[in-house]
Amino acid sequence: MPQNVVLPGPAPWGFRLSGGLDFNQPLVITRITPGSKAAAANLCPGDVILAIDGFGTESMTHADAQDRIKAAGHQLCLKIDRAE
Ligand code: LEU
């Protein structure tokens, strides 16, 4: 079941991504920096990012997604799906 996670800004958020439209792969979190905002928000490697600040990621290239994340200021809102 998708869930919304809100990280308080500013960056750095403390995670890395793989995938995107140009890779024909879902946008997935691959690494969480220990002690980061992403870690505090309980994000995990393997989490699929479905939306960034309300924008669906299905039409985003890897660079588009990074740009969206970098554009976030006072908070970053991610809709994620986690395999249980
Ligand atoms: N590495 C960046 C950060 O932790 C996020 C990246 C996906 C733009 O703030």
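Structure first, text after, so check above.
What comes next is a walk through the structure. Computed from a predicted model, the values in this text were never measured in an experiment. (Residues numbered from 1 in each chain as written. Predicted model: local features only at pLDDT ≥ 70, side-chain atom pairs only at ≥ 80, totals over all residues. Heavy atoms only, no water.)

1. Overview of the pairing of strand β6 (residues 75-81)
- Going residue by residue along β6, you find L76, L78 and I80 tucked away on one face and Q75, C77, K79 and D81 left uncovered on the opposite face.
- In terms of strand pairing, strand β1 (residues 3-8) meets β6 through six bridges, oriented antiparallel. Bridge pairing links Q3 to I80 in β6.
- As paired strands, strand β4 (residues 48-52) and β6 are joined by four bridges and run antiparallel to one another. (Buried < 20%, exposed > 50% of the residue type's maximum accessible area, 1.4 Å probe, protein only. Helix = DSSP H or I, 4+ residues; strand = E, 2+ residues; numbered from the N terminus. Pairing = 2+ DSSP bridges.)

2. What to know about unusual backbone geometry
- That bond from G9 to P10 is cis: its omega, 5°, falls within 30 degrees of zero.
- By secondary structure assignment, the location of P10 is in the loop between β1 and β2 (15-20).
- The omega torsion of the bond from A11 to P12 falls at 5°, within 30 degrees of zero and hence cis.
- Mapping P12 onto the fold places it in the loop between β1 and β2.
- Backbone geometry at N42 places phi at a positive 70°, although glycine is not the residue there.
- Backbone geometry at D53 places phi at a positive 50°, although glycine is not the residue there.
- Along the polypeptide, D53 turns up in the loop between β4 and β5 (55-56).
- Relative accessible area serves as the criterion here: at 31%, D53 is assigned to the partly exposed category.

3. Observations regarding the nonpolar core
- Formed by 19 residues in total, the largest nonpolar core has its most connected members in F15, L17, L43, I49, I52, L76 and L78.
- Elements that contribute at least two residues to this core include exactly β1, β2, β3 (25-32), β4, α2 (62-71) and β6.
- Once residues within four sequence positions are removed from consideration, F15 is found in contact with I29, R31, I32, A38, I49, I69, L76 and L78. (Core = buried A, V, L, I, M, F, W, Y, C linked by side-chain atoms within 4.5 Å. Contact = heavy atoms within 4.5 Å.)

This is a description of form; function is not addressed.
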